[in-house]
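Read off the chains here:
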Amino acid sequence: MTAHTQIDALIVGAGPAGLMAAEVISAAGFSVLVAEAKPSPARKFLMAGKSGLNLTKNEPLVPFFAAYDPIPDTLRDALTAFGPDQVITWAEGLGQEMFTGSSGRVFPKAMKASPLLRAWLSRLTAQGVELRRNWRMTALGDEVRFDTPEGSAKVSAKTVVLALGGASWARLGSNGAWADLVSPYVALAPFMASNVGLLRDWSPHMTRHFGAPIKGVCLRSGAYSTRGECVISARGFEGGGIYAITRGLRTGAPLMIDLLPDWPEERVKQILIQRKPKETLTTFLKRAFRLPPEKIALMMECAGSKPTDLQTALKHLEITDIRLRPVDEAISTAGGVRFDSLTENLAASSRPDLFFAGEMLDWDAPTGGYLLTACLATGRLAGLGVIKALS
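Residues numbered from 1 in each chain as written. Predicted model: local features only at pLDDT ≥ 70, side-chain atom pairs only at ≥ 80, totals over all residues. Heavy atoms only, no water.

### Some words on the state of the cysteines
Which entries qualify depends on this criterion: The criterion for a disulfide is a pair of cysteine sulfur atoms lying within 2.5 Å. Buried, partly exposed and exposed residues are distinguished by accessible area as a fraction of the type maximum, computed with a 1.4 Å probe on protein chains only: under 20%, between the cut-offs, and over 50%, respectively.
For the coordinates displayed, the defined rule picks out 0 disulfides. Not engaged in a disulfide, the cysteine C230 finds its nearest cysteine sulfur in C302; these two sulfurs lie 10 Å apart. Note on C230: relative accessible area 0%, which makes it buried. The exposure class assigned to C302 is buried, which follows from its relative accessible area of 17%.

What follows is the structure in structure tokens.
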């Protein structure tokens, strides 16, 4: 068994939260060892970058905080100190030119995660951070033990930061298996799927619409609503519009879609009474409301080919027989380490040398830059807590 001693800070997990904690701590002159279970760091970060790496959302803090509703006080503090403006400045400091899209989402101009990650790892190396790959944590006590390619290893560190991700995308390293190891020190909330697609069985006539986006709609579930789009898939629904209302769907609230969000109810009512007697429903919907085939098909699938209340079908279409996809298919998870068992610096109240960051923590937010920003912000907060403890 190999042993590492004289480490100021051990960080377990080399995703965005862990790497940010490593950056902050090493910049203060402390020795840092990062242990990653996978052969390469930040795999989920790189996967997110394949579609453009939406790093943050450029908007005022009040609506930004609303995306995390209900937002824990500690997370609010972390995002106040390191929110959208600071994330953009940080990325630019790594040589990445950023731009803000029409929706406020912020991306690197390279539209990839890999250049940013390479620059980040180079900075960490220059600051003396050691990275160990294929190190899987097996025990958490006074010493932290790992299975490694060279056999068992143990690390004695003055402080430990755990940034092990949530419980989704196990193949990329986040599987929630850490829960049993940390349960002696912190309280845990059950894992729940977030930013996840929906399962639904379709009738055969929907097959030709698989892959079609349902654009320009308002989706609602319980207290959550969004203007956006979703995609009809062979298994059900997916897309940002669905992800944004996952919190409502988890409570069992129905999925409601307004197919004509820019049309007031009264205007729809007036158009409906002008329908020609012999005009087919499909022809009428195309002519009067300019509905594309996929919207018409969805309406007829869920309200019937001859809806008894066409106005309700157009403005308040209820999608029945849906269920959330499994947790491992979710982009992120809610649940994890509860904030009420942590200090304001994200240390365990029962063990002040043990810190937590990123998706391990019990918070929730939709896609759109909110997930990565919170991971970076909590990683930074944990790093600052480590510096305070070491000082």
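### Topic: the packing of helix α1 (residues 16–27) against helix α6 (residues 114–126)
Short version of the rule: Fitted lines through C-alpha atoms serve as axes, helices being fitted only where they are in contact, and the angles separating the N-to-C directions of these axes extend from 0 to 180 degrees. In this description a helix means any DSSP run of H or I spanning at least four residues, a strand means any run of E spanning at least two, and both kinds are numbered starting from the N terminus. Crossing handedness is read from the near helix: turned anticlockwise from the far helix by less than a right angle, it gives a left-handed crossing, and turned clockwise, a right-handed one. We call two residues in contact when some of their heavy atoms are within 4.5 Å. Each residue receives one of three labels: charged for Asp, Glu, Lys and Arg, nonpolar for Ala, Val, Leu, Ile, Met, Phe, Trp, Tyr, Cys and Pro, and polar for the others, Gly being one of them.
Two elements in contact, α1 and α6, have axes whose closest approach is 10 Å; the angle formed by their N-to-C orientations is 35°. α6 is crossed by α1, and the crossing has left-handed handedness. Residues P16, L19, M20, A22, E23 and S26 of α1 lie in contact with α6, whose contacting residues are L117, W120, L121, R123 and L124. Here the contact of α1 with α6 is built from residues that sort into 8 nonpolar, 1 polar and 2 charged.

### Section: the sheet that holds strand β3 (residues 56–57)
Here is the rule we go by: Paired strands, as defined in this entry, are two strands with at least two bridges between them according to DSSP.
In spatial order, the strands read β3-β5-β4; together these 3 strands make up an open sheet with antiparallel pairing. Bordering the open sheet on either side are β3 and β4 (98–100), each of which pairs with just one other strand. Sheet topology places β4 next to strand β5 (residues 105–108); 3 bridges connect them, and they run antiparallel. What sits directly across from T100, in β5, is V106.

### Quick notes on the packing of α1 against helix α14 (residues 370–390)
For the pair α1 and α14, interaxial distance at closest approach is 7 Å and the crossing angle is 35°. Read as a crossing pair, α1 and α14 show a hand that is right-handed. Taken together, the residues of α14 that come into contact with α1 (itself represented by P16, A17, M20, A21, V24 and I25) are L372, C375, L376, G379, R380, G383, L384, V386 and I387. Residue composition of the contact of α1 with α14, grouped by class: 12 nonpolar, 2 polar and 1 charged.

### Some thoughts on the packing of aromatic side chains
For any pair of aromatic rings, the description rests on two quantities: the centre-to-centre distance and the angle between the ring planes. As a reminder of what qualifies: Stacked, tilted and edge-to-face pairs are distinguished by plane angle, under 30 degrees for stacked and over 60 for edge-to-face with tilted covering the rest, among Phe, Tyr and Trp rings (Trp via its six-membered ring) whose centres lie within 6.5 Å.
Under the counting rule described, the total for this entry stands at 12 aromatic pairs. Here the aromatic rings of F45 and W120 are separated by 6.5 Å at their centres, their planes lie at 70°, and the arrangement is edge-to-face. Residue F45 is located in helix α2 (residues 43–49), and its partner W120 is located in helix α6; the two are separated by 75 residues in the primary sequence. Under the relative-accessibility criterion, F45 is labelled buried at 4%. Pairing Y68 with W363 gives two aromatic rings, centres 6.1 Å apart and planes at 55°, and the pair type is tilted.

### Description of the layout of surface pockets
Spelled out, the test is: The definitions used throughout rest on a 1 Å grid laid over the protein atoms alone, on which a cavity is an enclosed set of points accommodating a 1.4 Å probe that cannot get out and a pocket is an open set flanked by protein within 12 Å on both sides along at least five of seven lines; lining residues are those having an atom within 4 Å of a point. Grid points are joined across faces, edges and corners, and a volume is the space filled by probe spheres set on the points.
There is about 490 Å³ of room inside the second largest pocket. The wall of the second largest pocket is formed by 25 residues, among which R105, T226, G240, A244 and P366 lie closest to the centre. At the level of secondary structure, the elements contributing two or more residues to the lining of the second largest pocket comprise α3 (61–66), β13 (224–233) and α8 (240–243). Here the element with the most residues in the lining of the second largest pocket is β13; it accounts for 8 residues. Its residues assigned to classes, the lining of the second largest pocket shows 10 nonpolar, 9 polar and 6 charged.

### So, the environment of E329
Here is the rule: Under this definition, polar contacts are N or O atom pairs within 3.5 Å; protein pairs additionally need one hydrogen-donor-capable and one acceptor-capable atom, and for neighbouring residues in sequence, both atoms have to be side-chain atoms.
Tracing the chain through its elements places E329 in the loop between β17 (323–324) and β18 (332–337). Residues E329 and P41, spaced 288 residues apart in sequence, show a C-alpha to C-alpha distance of 21 Å. With sequence-adjacent residues up to four places away left out, E329 is seen in contact with W169, V196 and R235. Of note is the side chain of E329, whose polar atom sits 3.1 Å from the side chain of R235.

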